[in-house]
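Residue strings, one per chain:
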Amino acid sequence: MATAGSLQGVGVPVKLLHEATGHICTVELKSGEIYRGELHDAEDNWNVQLTNVQATARDGKVSHMEHIFIRGSRVRYVIVPDMLKNAPMFKRIDPKMKMKNVALGVGGRGRAVADRANRQVGRM
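Residues numbered from 1 in each chain as written. Predicted model: local features only at pLDDT ≥ 70, side-chain atom pairs only at ≥ 80, totals over all residues. Heavy atoms only, no water.

Another aspect to go through is the overall build of the protein chain. Counting secondary structure elements, the protein chain contains 3 helices and 5 strands. Its helices and strands in sequence order give the protein chain the pattern α-β-β-β-β-β-α-α, from N to C terminus. The buried share among the 124 residues of the protein chain stands at 27%. Contacts spanning at least 24 positions in sequence make up 42% of the contacts within the protein chain whose residues lie at least 6 apart. For the protein chain, the exposed surface amounts to about 9,200 Å²; the carbon and sulfur share of it is 52%. (Helix = DSSP H or I, 4+ residues; strand = E, 2+ residues; numbered from the N terminus. Buried < 20%, exposed > 50% of the residue type's maximum accessible area, 1.4 Å probe, protein only. Contact = heavy atoms within 4.5 Å. Areas by Shrake-Rupley, 256 points an atom, 1.4 Å probe, with all protein chains shown as cover.)

What follows is the structure in structure tokens.
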């Protein structure tokens, strides 16, 4: 499983896939096969490992597998649990609070900002 620091450069769908680790997910392949089981591991390229898998072939035949590895390029889509819609990554940042952690005096460049700051201090 990826660490929080390694998820900085990936998009929301990949983050959601990583959040689904340990939950029951359904994966449909481009070939039409469907696999439903516990998401054991997921990679940024959508390679997934499922355990306790119920496999449904294109003809509707259902079988059971202990473990399966699915190559990400073969995945059409993944269905994750609805409870993940409350994941922390979907929380919106309040615009009023967004700039609270920025130090004063930061947020501009050039002589105009420096002159304005000096005027406030009384140096000019």
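What follows continues from the structure just given.
Next up on the list: the pairing of strand β1 (residues 24-29). For β1, the tally of buried residues reaches 5 of 6 residues, placing the bulk of the element in the interior. Examined bridge by bridge, β1 and strand β2 (residues 34-42) share 5 bridges and lie antiparallel to one another. If you follow Glu28 over to β2, its bridge partner there is Ile34. The turn joining β1 and β2, which pair antiparallel and follow one another in sequence, is formed by 4 residues; a positive phi near 100 degrees is taken by Gly32. Pairing between β1 and strand β5 (residues 75-79): 4 bridges, direction antiparallel. Of the residues in β5, the one forming a bridge with Val27 is Val78. (Pairing = 2+ DSSP bridges.)

On to the pattern of salt bridges. Two side chains of opposite charge can pair, provided their charged atoms sit close to one another. Taken as a whole and judged by the stated rule, the model has 1 salt bridge. Close ionic contact of Glu28 with Arg76 constitutes a salt bridge, the shortest N to O distance being 2.8 Å. A residue pair is termed long-range when its members are at least 10 positions apart, and Glu28 in strand β1 and Arg76 in strand β5 qualify at 48 residues. Among the residues examined, Glu28 registers a relative accessible area of 12% and is labelled buried. Residue Arg76 is classed as partly exposed on the basis of its relative accessible area of 47%. (Salt bridge = Lys/Arg side-chain N within 4 Å of Asp/Glu carboxyl O.)

A few words on unusual backbone geometry. The phi angle of most residues is negative, glycine excepted, and most peptide bonds adopt the trans form. Here Trp46, not a glycine, exhibits a phi torsion of approximately 75 degrees, which is positive. Following the sequence through the fold, Trp46 ends up in the loop between β2 and β3 (48-56). With a relative accessible area of 26%, Trp46 lands in the partly exposed category. The backbone of Asn52 shows a phi angle near 50 degrees, a positive value even though the residue is not glycine. For Asn52, the position within the fold is in strand β3.

Of all hydrophobic cores here, the largest spans 18 residues; its most connected members are Val27, Tyr35, Leu39, Val48, Leu50, Ile70 and Val78. Among the elements that make up this core, the one with the highest residue count is β3 (4 residues). Those residues in contact with Val27, other than ones at most four positions away along the chain, are Glu33, Ile34, Tyr35, Val48, Leu50, Ile70, Val75, Tyr77 and Val78. (Core = buried A, V, L, I, M, F, W, Y, C linked by side-chain atoms within 4.5 Å.)

Relative to the helices and strands, Gln49 resides in strand β3. Since its relative accessible area comes to 19%, Gln49 is described here as buried. A polar contact of 3.1 Å, which involves the side chain of Gln49, links it to the side chain of His67. With near-sequence residues (within four places) excluded, Gln49 lies in contact with Glu38, Leu39, His40, Asp41, His67, Ile68 and Phe69. (Polar contact = N/O pair within 3.5 Å; in protein donor to acceptor, adjacent residues only side chain to side chain.)

Honestly, it's all geometry; don't read function into it.
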